[in-house]
Amino acid sequence: MAEEGTEGTVHLLCLAASSGVPLFCRSSRNGAPARQQLPFSVIGSLNGVHMFGQNLEVQLNSARTENTTVVWKSFHDSITLIVLSSEEDTSELRLERLLQMVFGAMVLLVGLEELTNIHNVERLKKELRASYSLIDSFLGHSELIGDLTQCVDCVIPPEGSLLQETLSGFAETSGTAFVSLMVSGRVVAATESWWRLGTPEAVLLPWLVGSLPPQAARDYPVYLPHGSPTVPHRLLTLTLLPGLELCLLCGPRPPLSQLDPQLLERWWQPLLDPLRACLPLGPRALPAGFPLHADILGLLLLHLELKRCLFTVEPLGDKEPSPEQRRCLLRSFYTLVTSTHFPPEPGSPEEKTEDSAHQPQVPRACYLVSGTEEPGTGSRLMALQMGPRRLFLLLSAQSPIHGLRGLATHTLHALTPLL
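Residues numbered from 1 in each chain as written. Predicted model: local features only at pLDDT ≥ 70, side-chain atom pairs only at ≥ 80, totals over all residues. Heavy atoms only, no water.

The six strands lie next to each other as β3-β2-β1-β6-β5-β4, forming an open sheet whose pairing is antiparallel. Strands with a single pairing partner mark the edges of an open sheet, and in this sheet they are β3 (32-34) and β4 (62-64). When the angles between neighbouring strand axes are averaged without regard to direction, this sheet yields 20°. Strand direction decides the pairing type here: strand β5 (residues 69-75) and strand β6 (residues 79-85), joined by seven bridges, are antiparallel. If you follow Val 70 over to β6, its bridge partner there is Leu 84. Against the sheet, helix α2 (residues 92-110) touches β1 (9-16), β2 (22-29), β4, β5 and β6, its axis set at about 35° to β5. (Pairing = 2+ DSSP bridges. Helix = DSSP H or I, 4+ residues; strand = E, 2+ residues; numbered from the N terminus. Axes fitted to C-alpha atoms, helices over the stretch in contact; angles between N-to-C directions. Contact = heavy atoms within 4.5 Å.)

This is how it looks when you write it as structure tokens:
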């Protein structure tokens, strides 16, 4: 199905389920947006085979050719999303979660009513353009991982308790319970009400803020796919420092004008140094000086009950492989382990298809070694789960295989107080 020269290409199609009319097509190649579009005949064939199966009460979920993976998913019998990927080592799990995130982004910015009761296709096409930037960020090589893990990307600030106390006081003064502090699309601190936001909006809102061009302040209408899919809320954002934004989710009040510079200065000027210390946390996630073993090239820590995660591929400075390669390795390893070894995360769609009473014994740890033919090359990948936490480590080739589990256990114990 993939044409010559299309390696690393992802095509995303959105169609009206009843008529098969394409609503949009977004593409990326090697992680960058691409203008290459699929021929209408291919779009019609992909949608046609899916509809043919539905008419026979057969659910077509995915298909594979020699170099392309295709996944179909319908939402509310109104929207059909199709994704084709010729990227190396693409998994169906990754593409299924991509489609869930894409539909969530559509609801976030357009509302469920417009998507389930399509009266004017051309008007809907225009409204959906507002979601293109967010959707394209899912198709690219993002530094975040919440699209795959369905957990909120977080960072750990050096003075978290002080930031948390100030954030709670500011929320009370501003008249909304939903307030968070974000750096580069990751949550630094948030009020209890913000943390109680459901999936997928808890993941989508930081992604949205991270995907928007820099602005001093915004008043952005959003729907909550889980909590309020038909009634819009307001997302207010205020830039405290370049890259560091204060986000409020509220109703008609407060007006943006009420959050004047004097109010921000009164609450946040005394915390200027702790706020500046948050800026490097985007790629690192952990505070400077946090003790990590020198062999660790990257880590992903999930808390499955809190639905939060820490993800970094820059814990200890520059080493090979590059940060982008490390992200790809950890994302692929997470997908492999989640698909084959560890049970689905609580509340995920995959879990609902499993009969927990008949599940076999579940492994607590697994590892993957590459580059064993040439000593000192390649990498080691280790996964460990304890209670609600799962830790995925990317380690250098010098790390001895017999010590992987001990290193992972020690690292997980060190990280446990943070998340």
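The buried fraction of strand β12 (residues 244-250) amounts to seven of the seven residues, a majority that puts the element mostly inside the structure. The alternating pattern of β12 places Leu 244, Leu 246, Leu 248 and Cys 250 on one face and Glu 245, Cys 247 and Leu 249 on the opposite face, and all of these are buried. For strand β8 (residues 178-183) and β12, the ladder comprises six bridges, and the chain directions are antiparallel. Residue pairing in the sheet places Val 179 in a bridge with Leu 248 of β12. Counting the residues that bridge the hairpin from strand β11 (residues 228-241) to β12 gives two residues, and of these Gly 243 lies at a positive phi of roughly 95°. (Buried < 20%, exposed > 50% of the residue type's maximum accessible area, 1.4 Å probe, protein only.)

Taken as a whole and assessed by the stated rule, the structure comprises eleven salt bridges. Residues Glu 143 and Arg 186 are paired through a salt bridge, measuring 3.5 Å at the closest nitrogen-oxygen approach. In this pair, Glu 143 is assigned in the loop between α5 (132-139) and α6 (146-149) and Arg 186 in strand β9 (residues 186-190), connecting sequence segments 43 residues apart. As a salt-bridge pair, Asp 147 and Arg 331 come within 2.9 Å of each other at their nearest N and O atoms. With Asp 147 in helix α6 and Arg 331 in helix α13 (residues 323-340), this pair connects stretches of sequence that are 184 residues apart. The pair Asp 147 / Arg 331 is uniform in exposure class, with both members buried. Via salt bridges that share partners, Glu 114, Arg 123 and Glu 127 belong to a single interconnected network. (Salt bridge = Lys/Arg side-chain N within 4 Å of Asp/Glu carboxyl O.)

Moving on, we come to the domain arrangement of the chain. When cut into domains, the chain gives domain 1 (9-140), domain 2 (157-284) and domain 3 (296-341 + 363-416). Approximately 370 Å² of surface area, both sides summed, lies buried where domain 1 meets domain 3, with 50% of it carried by carbon and sulfur atoms. Of all residues in domain 1, Leu 93, Arg 94 and Arg 97 give up the largest surface area on contact with domain 3, accounting jointly for 74% of the area buried on that side. Scanning the region where domain 1 abuts domain 3 turns up zero salt bridges. On inspection of domain 1 and its partner domain 3, the count reaches one residue pair in polar contact (both at pLDDT 80 or more). Here the residues of the side of domain 1 that touches domain 3 are counted per class, giving one nonpolar, one polar and two charged. (Domains from an automatic or database assignment. Buried area = accessible area lost by both parts, 1.4 Å probe. Polar contact = N/O pair within 3.5 Å; in protein donor to acceptor, adjacent residues only side chain to side chain. Nonpolar A, V, L, I, M, F, W, Y, C, P; charged D, E, K, R; others polar.)

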